[in-house]
Structure formats: structure tokens, C-alpha cells
Amino acid sequence: MKITRQQVENVAVLARLELSAAETETFTGQMDAILAYVDKLNELDTTGIVPTSHAVPMENAFRADEVRPSIGVENALANAPGRMEEFFRVPKVIE
Amino acid sequence: MELFDLTIHELHDRLKKKEVSAVEATRAMLARIEATDGRVNAFITVTPEEALAAAAEADQRIARGEMDILTGIPVALKDIFLTRGVRTTCASKILANFIPPYDATSWLRLKERGAVLVGKLNQDEFAMGSSSESSAFGPTRNPWNLECIPGGSSGGSAAAIAARQATATLGTDTGGSIRQPAAHCGCVGLKPTYGRVSRYGVIAYASSLDQVGPVTRDVRDAAIMLGAVAGHDPLDSTSVDRPVPDYTKSLTNDVKGLKIGLPSEYFIEGLDPDVQQAMDRAIETYRGLGAEFVDISLPHTDYAVACYYLIATAEASSNLARYDGVRFGHRVSDPTGLMDMYCRSRAEGFGSEVKRRIMLGTYALSSGYYDAYYLKAQKVRTLIMGDFLKAFETVDVILTPVTPTPAFRIGEKVGDPLQMYLSDIFTIPTNLAGTCGISVPAGLSRDGRPIGLQLVGRPFGEEEIIRAAHAFEQATTWHQQKAPL
């Protein structure tokens, strides 16, 4: 086994996903098969190979620090599932 | 020829000569969508009112003599492009009611030229899939065979072209999501080099791989669309600041002396015989046009799918963290606390393929596994890029099939994610290498399913693949075939 049910449950917490018992079961089997497949990467010796994070080599991209119009508070809040005055409203964070 | 059958350049000529108005062309397209989309399901949202208003504006522009090649052309966009004021769902329940406050740069560039948006197209949820079956709005069907998938994730973008429901469309390609559906639906699909087109306002899946490109009826239209959307955008720091050539100048119909590489790793046992035959025929066609073939090797091809499914899922797990029910998107109705709100909003909003990829990516990035999976994959990515750079020392373009088989049946691979992932085996390496590729119609299987030919070019070698694709297209009649719909 590449991954256990317990590990899948832990990953679900990290990913902020509530999984049903059936989903956990299915994902454990499927992730196990996928992880066994990706293990083939270990056939390759990658000692001394520089990892690629982006295909196009790029330094920091700077632009002028200029004040420009933004989308504004009303637009930013237009899709909010909950709002109060000019804020996003969420359940109580601190008990 | 009906108005909805025309290419961009054909419709442009008629609009210019005032033989037809933009409003008439848009009405014809909307009627065609109405008549066919019950069977195809290429659209998530159709926008008739906005389209007719934009078409009327285009007609005024034409009357004033301020016409661009795209003025009055009915286009449709994959529902991953933000469209100000028009619902954008990414085919997910979590964004089912999302109305973007701004436009994607690529769409803005089309709109400024007077293109008319007729609607938003179906896709795999969050662009994660190869069949467009994971959409929360139901699967799209292949106009050539309604029992088959149209490919994915830009399945709606290709199906709408094949069903003649839009003159041109935009899709996105992270592991083949433009080229593979274009091949399955008998259209032209172009994935530009990473950085060639702005990703601003395109809902992110895997940010180091995602790229915007056109799906069209012919290569000329792909060149027109690419020219319209390409170029640096200060709002996307990964878009590259280099001049955009006039891609239509590459439509020279001349491939004499062009060196085409044939990678042995792509012509494998298990390739569908009809696909193999189409490739053999294509090679003969190019020989007849004076191109030269060189046998090459891309030795790390076999590792690309494994590499991709670690990098793409890792990036996806990070990108999709934003869907937390706070600022936009679905929120569970009765949260007991913040953590409960996150976990259940995401559980209710995401479909199973999206959850699977978030889980895989979170695992690959988690403490203790990062080096073994994510970092290892990034190193293998370097080797895959190296394969291409070495090959391009001796050849100008690389010819391969787009897919190992023609379109499979709806439901055939849903239960087996790994088999689904392997259907992208010939398109994924291009994304990892960051280079460009185009899919061109190259035949039909014995039972009438389209087959696509892929030409892969150097980084920023779009002119060469357009030239090569156009010469092939002009020497064959596959692009003139129409889906029986």
C-alpha cells in the first residue's frame, strides 16, 4: 500500500475537504493506484538535475508603482455569500 | 453554406462587402445553438441579449468604416474565462452563481476588436479532465457521434466549432485540453507557448502549465485568433514581453525543406490502427510537399504523465484553496464555525475529480512527501524539457498523433482515473516543456470519428507550426468535412 485510509483522512483535513466514508474509501484505492504509477519516476536518476518550476526562464517581473483604479468595494463584495456593511461576514472565529 | 458554417475570414469578407450584417450573423448563430444544443450540450450559458446588442454595435462600427477582422464575428468562450457581468462557472457547482467583476485579458482583446460573445462553453470542472464528463452541468457530446465524448477539458470549445454553434472559440490547455478535444471533434486547436498569451482572468488550474488558445475551423482562423489574444499583459507577470508577429503571414503553403521530426516514443504498439494509418498518410502528404523527415527520440516521454499528475495536482491544490466560502462561491447554509464552513462548502461545491486532484496535490506537497513527489517531478520536468530542446537542434517541428485513439464512449473511463489520465499521453509533454503545439484534422476512423495530427514547435515557434499545419490542411480536405448534425 502506498497510502492508508488514515493518511487520506489526514490529507482531507489539510485540504479542508469533508469526505464521506464512501469517498474516503474510493480515494484511498484510487490514490494508491495513482501513487504506485507515479513511482516510475524513481526509475530515473535525477542527481544534480535542477528542478523546473516554470518553463520560461524568468526573473522578477516589476512594474511601475502607480496608483490606479481598482474594482472597488461594491464590486468586490458583489459575490459575497455573506456581508455586513463593507465587510465579508463569516461565522465566529474566536470563541 | 449557411452563415453558421463560415470561417472568420469568410464571414469577415461578407460583412465587409455588406452582404450580411453582424446582427444577421449573430441571429443565425443563436438559432443554430437553439436547434442543436439540446443534443450537444456545448454551452453552459447562452447570452442572446448581450450578443445582439454587441452585434448591433459591431454593425455601427462597420458602417463607420472602423472594421477589424474580428468585428461582428460570433465567438464563444470556455466557461473558465472571466466575463464581466456574465456568469462564469468553470463548470463547477461552487461557482454556479458567480458573476465576475472584470474581464479576462484575452476576452477583452477580442471584445475591443468587436467580437460578439454568444455564450460560455461547457468543459470539465475546473479544466480537470479529458472528456468533459466532469462538468457539474452535464457532459458535452461529440457532434460527430453523440455517444462519444468530445474530449476535454475544452470539450465545449471544440464541440461548438464542430456543431457550427460559434465561428471561433477560446479554450485553455494545461495537459492537452485544447489539442485533444480539437482532434476528437475535427477542428483546429492551438496551444501557444507558455507566456505567449495572458492568463489574467482565466480561472487557475495549474499555473505553470495553463495556457490560452483558439479552437477554429481552419488554420487561418487559428492564426487570426492567436494574433488577437497574444502579447504581453502587465496584469500577468508570466506573460512574455516579445513582439507578436502577424501569424497570417505564415500561411505561405510552402514547407519545402522543412525538417519534421518523428519521435519513436509516440509511434507505439497499441496506437489505434486508424490513427496509425492517418499518420502514415500525413507523412506521405508532407513528403509530397517537399518536407524532410528525421527520426528522433524524446526518451523521457514515458514519464510525462506521472510527472504531470504530480505537478498539476500540487499547483491545483494550492490554486483551489481560494474556494473557501468567504468572498465568493458556494457557502454551506448552516456553518457551525469557520473550519466547518470551509470543509463542508468545499465538499458540497466540488465534484469528485476536483476533490481527487486536490487530495493528490495536497499529499504531494505535504511534509515528508514534498521531496519524493513534487520536487522529483520538477526534476523530471527538466529532463522532459531537455528532450525537446535537443530535438529542436536538428528539426523544425515534431509530428505526432494527438491521441492514441479516436474519441472514446461516454462513461467508458469514468471509473478509472488512471486510464483517463493516460489518454493525454501525447499532449502532456508539450505543456511540461512549455512549448507550442497545434492539432489539425487528419482523417476519420472507419466509423467516422475524427483523427488529429499534432505539430509541436520550438518555444515561441508558433509561426512554424502554423505554416506546417496550413500546408497540410490545404493539401487535404479533412477540415472541410462536417459533423453530421
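Whatever comes next refers back to the structure up there.
These numbers come from a predicted model, not from an experiment. (Residues numbered from 1 in each chain as written. Chains lettered and ligands numbered in written order. Predicted model: local features only at pLDDT ≥ 70, side-chain atom pairs only at ≥ 80, totals over all residues. Heavy atoms only, no water.)

## Quick word on the sheet that holds strand 1 (residues 43-46) of chain B
Residues and elements named next belong to chain B.
- Read from one edge of the open sheet, 11 strands run 1-3-2-4-6-5-10-11-9-7-8, paired in mixed fashion. For this open sheet the edge positions go to strand 1 and strand 8 (292-296), each flanked by a neighbour on one side alone. On average, adjacent strands in this sheet sit at an angle of 30° to one another, irrespective of strand direction.
- With three bridges joining them, strand 2 (residues 74-78) and strand 4 (residues 168-173) adopt parallel strand pairing. What sits directly across from Ala76, in strand 4, is Thr169.
- Along the sheet, helix 4 (residues 105-112) contacts strand 2, strand 3 (116-121), strand 4 and strand 6 (211-216); its crossing angle with strand 2, the most-contacted strand, is approximately 175°.
- Packing of helix 15 (residues 462-475) onto the sheet brings it into contact with strand 5 (188-191), strand 9 (397-401), strand 10 (436-444) and strand 11 (450-457), and relative to strand 10 it is tilted by some 10°. (Pairing = 2+ DSSP bridges. Helix = DSSP H or I, 4+ residues; strand = E, 2+ residues; numbered from the N terminus. Axes fitted to C-alpha atoms, helices over the stretch in contact; angles between N-to-C directions. Contact = heavy atoms within 4.5 Å.)

## A few points about the side chain of Arg32 of chain B
All names here are of chain B.
- Among the secondary structure elements, Arg32 is positioned in helix 2 (residues 22-40).
- Buried charge without a salt bridge: Arg32, with Asp5 as the nearest opposite-charge side chain at an N-O distance of 6.0 Å.
- Excluding anything up to four places from it in sequence, Arg32 contacts Phe4, Ala163, Arg164, Gln165 and Leu485. (Buried < 20%, exposed > 50% of the residue type's maximum accessible area, 1.4 Å probe, protein only. Lys, Arg positive; Asp, Glu negative; His and termini not counted. Salt bridge = Lys/Arg side-chain N within 4 Å of Asp/Glu carboxyl O.)

## What about the nonpolar core?
Residues and elements named next belong to chain B.
- Judged by nonpolar contacts, the single largest core of 161 residues is most densely connected at Leu110, Phe126, Tyr286, Leu399 and Leu455.
- For this core, the element with the most residues is helix 9 (residues 304-319), which contributes 11 residues.
- Among residues more than four places away in sequence, those in contact with Phe126 are Cys90, Ser92, Ile94, Leu95, Ile203, Tyr205, Leu320, Tyr323, Phe350 and Val354.
- If you look at the next biggest cluster of nonpolar residues, it comprises 10 residues, including Trp144, Ile161, Ala162 and Val215. (Core = buried A, V, L, I, M, F, W, Y, C linked by side-chain atoms within 4.5 Å.)

## Digging into the interface of chain B and chain A
- The interface is formed by 63 residues belonging to chain B together with 51 residues belonging to chain A.
- The junction of chain B with chain A conceals about 5,200 Å² of combined surface from both sides, 71% of it contributed by carbon and sulfur atoms.
- Taken together, the connections running from chain B to chain A amount to two salt bridges.
- With a shortest N-O distance of 3.1 Å, Lys40 of chain A and Asp302 of chain B are connected by a salt bridge.
- At the surface where chain B touches chain A, the tally comes to 18 residue pairs in polar contact (both at pLDDT 80 or more).
- When residues of the side of chain B that touches chain A are traced back to their parent elements, those giving at least two are helix 9, helix 10 (338-349), helix 11 (352-365), helix 12 (371-391), helix 13 (417-422) and helix 14 (428-433) of chain B.
- At 11 residues, helix 12 of chain B tops the list of elements feeding residues into the side of chain B that touches chain A.
- A class-by-class count of the residues in the side of chain B that touches chain A yields 38 nonpolar, 15 polar and 10 charged. (Buried area = accessible area lost by both parts, 1.4 Å probe. Polar contact = N/O pair within 3.5 Å; in protein donor to acceptor, adjacent residues only side chain to side chain. Nonpolar A, V, L, I, M, F, W, Y, C, P; charged D, E, K, R; others polar.)

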